[in-house]
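Coordinate analysis (summary)
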Amino acid sequence: MIGNGDRLLLRTSNLTKTFASDRVTVAAVRGVDLALHRGEFAAITGPSGSGKSTLLHMLGGLERPSSGEIWLDGQRVDGLSQARWAVLRRRHIGFVFQFFNLVSNMTVADNVELAALMGGAGRKQARVRREELLGQLGLASKADTAPARLSGGEQQRVALARALANKPTLLLADEPTGNLDSAASKSVLRLLETTHADGQAILLVTHDSRVASAADRVISLFDGMVVDDAPMSAPRRPMPLPGVLRLRG
Amino acid sequence: MRMPLLALLAKEPAHGYELKSQLEQVFGEAYPTPNIGQIYVTLQRLERDGLVRSQDVVQATRPNKRVYELTDAGREALVGWVDKATEGPRVRDEFFMKLALSHLAGTSDRLGLIIRQRRHYLAQMRSLSELAASADGRIPRLLIEGAMLHLQADLDWLQRCQEELV
């Protein structure tokens with residue numbers, strides 16, 4: 001699946017997810033058509049319950065679609081077994097979660113190195129990759145620390161390093177700043193932007209529009225459907241901000 | 001605009017251009033500084049209301065400049081302004097007027113209105129983020145941060161409008 005010259009990286013077609021219990025069925029995602037190109041950074045926003053996390057989880061193989069198709073890098077993946085998905089995630093997908101999900105009894109360095117090893121790197125390669133990433137993300141001095149001793153922002157940076165350890169074709173992020181204060185949010189967002197500037201494709205779910213507005217595209221989900229897909233071209237000069245900043249008096 | 005000018009004049013007498021550049025310096029580039037014409041009009045009104053007085057200062061090599069200073073009444077007005085609690089969240093919102101009344105104008109596409117407004121707010125948010133990255137000093141940074149938080153609230157509120165009205 002590597003080496004596909006197509007610019008299209010990810011495509012879904014009429015993707016749905018319905019959760020059913022004894023009494024009720026809830027349609028969480030209702031027919032989503034989505035396309036993401038190589039190197040693109042798209043944000044998915046919407047109110048809670050709009051289906052944005054479910055959508056992202058399906059795209060990372062953490063949740064099985066009820067119907068529809070997912071194509072990743074030219075390969076149809078919606079019907080893959082759990083085991084095949086696990087391989088796909090280890091080698092080609094990076095995942096960042098709201099609550100970091102670091103392995104608590106391993107050091108920061110080992111968390112990142114393990115992900116590189118599982119992604120197929122040799123021992124030496126994995127160590128080099130880990131050193132490189134921790135350096136880039138400003139965590140070199142924390143390499144031997146346990147994750148629990150780090151602040152939320154630092155833990156999320158480790159989680160980002162881990163997600164990038166296998167040089168993923170696609171980085172998926174589920175509310176990566178949802179559990180961080182504003183300064184830590186800013187630093188994580190800046191790292192995502194840098195990673196994107198280096199060519200990383202990112203699909204990010206967020207309810208924070210400050211985070212969303214940093215993406216190339218903002219996809220608005222409502223009731224499990226896409227209601228808007230807005231390109232966010234950066235204005236060359238700051239646009240006028242009437243009213244927002246006017247002083248009173 | 002009136003009160004910020006009085007506040008700057010409380011420090012020392014100044015002419016219009018000095019006030020304009022002081023405003024720019026304090027609030028940074030995110031704040032849309034009034035043009036010099038607006039500043040002079042405001043100063044004239046303040047003078048008419050007895051809050052400032054002015055006199056021409058003769059300059060050897062340039063045209064005379066008019067220097068403004070605070071009067072006692074001006075100082076009192078300024079202190080009154082500073083000491084009073086400021087108006088809270090706005091109830092008047094032009095976008096909401098459009099949304100609530102659009103059907104009277106024959107356009108009932110509320111979702112379309114909300115989507116257009118959301119795009120506009122997101123673009124503003126992006127501009128503010130870019131300004132924030134280059135903002136220098138605590139006051140300009142806090143001004144931008146406040147604007148971003150207001151925008152975030154406006155965007156959340158758009159979502160509520162969508163939930164209730166569409």
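Since we're looking at a predicted model, the values are computed, not measured.

1. What to know about the confidence of the model for chain A
Here chain A averages 89 in pLDDT, and 92% of its residues register 70 or above. Put simply, helix α6 (residues 182–197) of chain A is where chain A has its lowest mean pLDDT, 89, and strand β4 (residues 67–72) of chain A is where it has its highest, 97.

2. Let's talk about the interface of chain A and chain B
Accessible area lost during the coming together of the parts is what is often quoted as the interface size. Counting from both sides, the interface comprises 24 residues of chain A and, opposite them, 32 residues of chain B. Contributing elements (two or more residues each) for the side of chain A that touches chain B: α7 (209–212), β9 (217–222) and β10 (225–231) of chain A. Classifying every residue of the side of chain A that touches chain B gives 17 nonpolar, four polar and three charged.

3. Remarks on the packing of helix α3 (residues 108–118) of chain A against helix α4 (residues 123–136) of chain A
Residue and element names in this part refer to chain A. One way to put it is that α3 packs onto α4 with a least axis distance of 9 Å and a crossing angle of 130°. Relative to α4, α3 is oriented oblique. Every pair of crossing elements has a handedness; the one defined by α3 and α4 is right-handed. Every residue of α4 that contacts α3 at Ala109, Val112, Glu113, Ala116 and Leu117 is listed here: Ala126, Arg127, Arg129, Arg130, Leu133 and Leu134. Here the contact of α3 with α4 is composed, by residue class, of seven nonpolar, no polar and four charged.

4. Quick look at the sheet that holds strand β6 (residues 93–96) of chain A
All names here are of chain A. The sheet built from six strands is open, its strands ordered β6-β7-β8-β3-β9-β10 with mixed pairing. Two strands lie at the open edges of the sheet, namely β6 and β10, each paired on one side alone. Direction aside, the axes of adjacent strands within the sheet are offset by 15° on average. Across four bridges, the pairing between strand β3 (residues 41–45) and β9 is parallel.

5. What about the pairing of strand β1 (residues 8–20) of chain A?
Residues and elements named next belong to chain A. Summarising the sheet, β1 and strand β2 (residues 25–37) pair through ten bridges and their orientation is antiparallel. Note that in β2 the partner of Leu8 across the bridge is His37. Two successive antiparallel strands, β1 and β2, enclose a turn made up of four residues. Relative to β4, β1 runs antiparallel, the two sharing five bridges. For Arg11, the partnering residue across the bridge sits in β4 and is Trp71.

6. Some thoughts on the nonpolar core
Ala43(A), Val112(A), Ala161(A), Leu172(A), Leu203(A) and Ala215(A) are the most contacted members of the largest nonpolar core, which has 81 residues in total. Taken together, domain 1 (2–83) and domain 2 (94–165) of chain B each give at least three residues to this core, which thus spans both. Not counting residues up to four positions away in its chain, the partners in contact with Leu172(A) are Leu56(A), Leu59(A), Gly60(A), Ile93(A), Gly94(A), Phe95(A) and Leu203(A). Counting residues in hydrophobic clusters, the runner-up holds twelve residues, among them Leu5(B), Leu19(B), Leu46(B) and Leu78(B).

7. Thoughts on the domain arrangement of chain B
Residue and element names in this part refer to chain B. Its domain assignment divides chain B into domain 1 (2–83) and domain 2 (94–165). Relative placement of domain 1 and domain 2: their C-alpha centres are 32 Å apart. When grouped by side-chain class, the residues that make up the side of domain 1 that touches domain 2 number four nonpolar, one polar and one charged.

Cut-offs and rules
Counting restarts for each chain: residues are numbered from 1 in the order of the written sequence. Each chain is given a letter, starting from A, and each ligand a number, starting from 1, according to the order in which they appear as written. The predicted nature of this model means local features are confined to residues of pLDDT at least 70 and side-chain atom pairs, given and counted, to a pLDDT of 80 or more, with totals for whole chains, interfaces and linings taken over all residues. Confidence per residue, as judged by the predictor, is encoded in pLDDT with a range of 0 to 100. Helix and strand assignments follow DSSP, with helices taken as H or I runs no shorter than four residues and strands as E runs no shorter than two, numbered in order from the N terminus. This entry defines residue contacts through backbone-placed C-beta atoms, with two residues in contact when those atoms are within 7 Å. Polarity classes work like this: nonpolar for Ala, Val, Leu, Ile, Met, Phe, Trp, Tyr, Cys and Pro, charged for Asp, Glu, Lys and Arg, and polar for all others, with Gly in that last group. To obtain an axis, a line is fitted to C-alpha atoms, over the contacting stretch when the element is a helix, and the angle between two such axes runs from 0 to 180 degrees between their N-to-C directions. In this scheme, roughly parallel covers angles under 35 degrees and roughly antiparallel covers those over 145, while 65 to 115 is roughly perpendicular and the rest are oblique. Crossing handedness: left-handed means the near helix sits turned counterclockwise from the far one by under a right angle, and right-handed means the same turn made clockwise. A strand pair is defined by DSSP finding two or more bridges across the two strands. Only buried residues count toward a nonpolar core: Ala, Val, Leu, Ile, Met, Phe, Trp, Tyr and Cys, linked into one set through C-beta atoms within 7 Å. Exposure criterion: with C-beta atoms placed from backbone coordinates, a residue whose C-beta has 20 or more other C-beta atoms within 10 Å is buried, one with 12 or fewer is exposed, and one in between is partly exposed. Here the bounds of each domain stem from an automatic or database domain assignment.

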